[in-house]
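# Chain and residue survey
Take a look at the letters that make up each chain.
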Amino acid sequence: MSQFESTQGCSRHSCLGNDRCGRKYYLMARRVVAVSANGCQCWYYSTVHQLKRLLCCFDSSICVEKNLLEQFELSRPEIERQMRITEIITDSNKGDMMSYFDWQEKQFQNIDINDKEATKTEDLLDTKPVLSTSPKELENLYVLGKDDEYKKYVNLFSADDHNSLSKKQREEERIKKRTLFSRFNQSTDFRWHGHIYGTYKQILTSVRAS
């Protein structure tokens, strides 16, 4: 976790803002996620190129989108850093396959993302590239998770209790174990101190003294 994120400067802790259609934008799991106003639909953007196209669709003359753009620019270094991690992981695992990101870039290669007049009225969220690839060929594109590597993931915090605890918690556990060990340690001969038979109060006193 970066210092920017640990100090709660990361935009995933709150909504970045809304666009003209009322959609809300968040940074989650290295992706920019857009959620519709009614919460029934969502879109996500995983790469820096997708982010650039998205930002070109906003109109700074609209108040809400001007504020949204300002929030994006404020968080952009962290957003792009996380997106590059996704791109690096994808490139390192795709092997000889073409990734979905590469295919998508090929579909959009004729779109000038710097032409704001062309993108101002275009809703990129609902725009899909013209398919020059058959659905069967799309199945051969690599996407993260397709190789089932996620099934091999081991949560170190659940596998190693020591590393999942803070320094203070580890110290508390150490003191707790030491106290319990000394209390129930049977390495020495057990000696009963007090009455073997007697009233409840006498037996209770004997148990506490033993």
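The protein appears in an unreviewed UniProt entry as Nucleosome-remodeling factor subunit NURF301-like from Octopus sinensis. Of the comments in the UniProt record for the protein, the one headed Subcellular location (unreviewed entry) reads "Nucleus".

## Regarding helix α4 (residues 100–107)
Taken as a whole, α4 has its buried residues at F101, W103, Q104 and Q107. For α4, the arc enclosing every buried residue in end-on projection is 160°, short of the 170-degree limit, so these residues lie on one face.

## Some words on the pattern of salt bridges
Scanning all chains against the criterion turns up ten salt bridges. Between R76 and E80 there is a salt bridge, with its nearest N and O atoms 2.8 Å apart. On the criterion of helical spacing, the pair formed by R76 and E80 is a turn pair, its members being four residues apart in helix α3 (residues 63–93). Across the pair, exposure class does not vary: R76 and E80 are buried alike. Put simply, E171 and R174 hold a salt bridge, and the shortest N to O gap is 2.6 Å. On the criterion of helical spacing, the pair formed by E171 and R174 is a turn pair, its members being three residues apart in helix α9 (residues 167–184). A relative accessible area of 35% means that E171 is categorised as partly exposed. Through salt bridges with shared partners, a single network forms among E73, R76, E80 and R84.

## Examining the nonpolar core
Counting 17 residues, the largest nonpolar core has Y25, V32, F58, F72 and I79 as the members making the most contacts within it. Elements with a minimum of two residues in this core: β2 (24–28), β3 (31–35), β4 (42–45), α2 (48–56) and α3. Ranked by residue count, the leading element in this core is α3, at five residues. Setting aside residues up to four positions removed in sequence, V32 forms contacts with Y25, Y26, L27, W43, Y44, Y45, L51, L54, F72, I79 and M83.

## Considering the sheet that holds β2
The strand order across the open sheet formed by four strands is β1-β2-β3-β4, and the pairing between neighbours is antiparallel. The outermost strands of the open sheet, each flanked by one partner alone, are β1 (17–18) and β4. When β3 meets β4, the two strands line up antiparallel, connected through four bridges. Directly across from V33, in β4, lies its bridge partner Y44. On the sheet, α2 packs against β2, β3 and β4 and is oriented at approximately 125° with respect to β4.

## A look at the packing of α2 against α3
Two elements in contact, α2 and α3, have axes separated by 9 Å at closest approach and are oriented at 155°. Judged by the angle between their axes, α2 and α3 are roughly antiparallel. Contacts from V48, L51, K52, L54 and L55 of α2 reach α3 at L69, F72, E73, R76, I79, E80, M83, R84 and E87. Across the contact of α2 with α3, the residue classes tally to eight nonpolar, no polar and six charged.

## Observations regarding the pairing of β4
Two faces belong to every sheet, and in a regular strand the side chains alternate between them. Of the two faces of β4, the one holding W43 and Y45 is buried and the one holding C42 and Y44 is not buried anywhere. From the end of β3 to the start of β4, which pair antiparallel, there are six residues, and G39 there has a positive phi angle of about 75°.

## With respect to a nonpolar patch on the surface
On the surface, a cluster of nonpolar side chains totalling about 510 Å² of accessible area is made up of W192, I196, Y197 and V207. Inspection of the secondary structure puts W192 in the loop between α9 and α10 (200–209). You can call W192 partly exposed: its relative accessible area is 39%.

## Considering α3
Taking 1.5 Å of rise per residue, the 31 residues of α3 would be expected to cover 45 Å, and the 42 Å separating its terminal C-alpha atoms lies within 8% of that figure. Of all the bends in α3, the greatest, near 60°, is centred on S75, and the proline P77 appears no more than four residues after it. Just downstream of α3, G95 is the residue with a positive phi angle, here 65°.

Cut-offs used in this document
Residues numbered from 1 in each chain as written. Predicted model: local features only at pLDDT ≥ 70, side-chain atom pairs only at ≥ 80, totals over all residues. Heavy atoms only, no water. UniProt positions renumbered as here; feature names shortened; annotations may be inferred. Buried < 20%, exposed > 50% of the residue type's maximum accessible area, 1.4 Å probe, protein only. Helix = DSSP H or I, 4+ residues; strand = E, 2+ residues; numbered from the N terminus. Arc of directions from axis to C-beta. Salt bridge = Lys/Arg side-chain N within 4 Å of Asp/Glu carboxyl O. Core = buried A, V, L, I, M, F, W, Y, C linked by side-chain atoms within 4.5 Å. Contact = heavy atoms within 4.5 Å. Pairing = 2+ DSSP bridges. Axes fitted to C-alpha atoms, helices over the stretch in contact; angles between N-to-C directions. Parallel < 35°, antiparallel > 145°, perpendicular 65-115°, else oblique. Nonpolar A, V, L, I, M, F, W, Y, C, P; charged D, E, K, R; others polar. Patch = residues over 30% accessible without salt bridge, like charges linked within 9 Å, V, L, I, M, F, W, Y side chains within 5 Å. Areas by Shrake-Rupley, 256 points an atom, 1.4 Å probe, with all protein chains shown as cover. Expected span 1.5 Å × (residues − 1). Bend = angle between axes of the 7 residues up to and from the residue.

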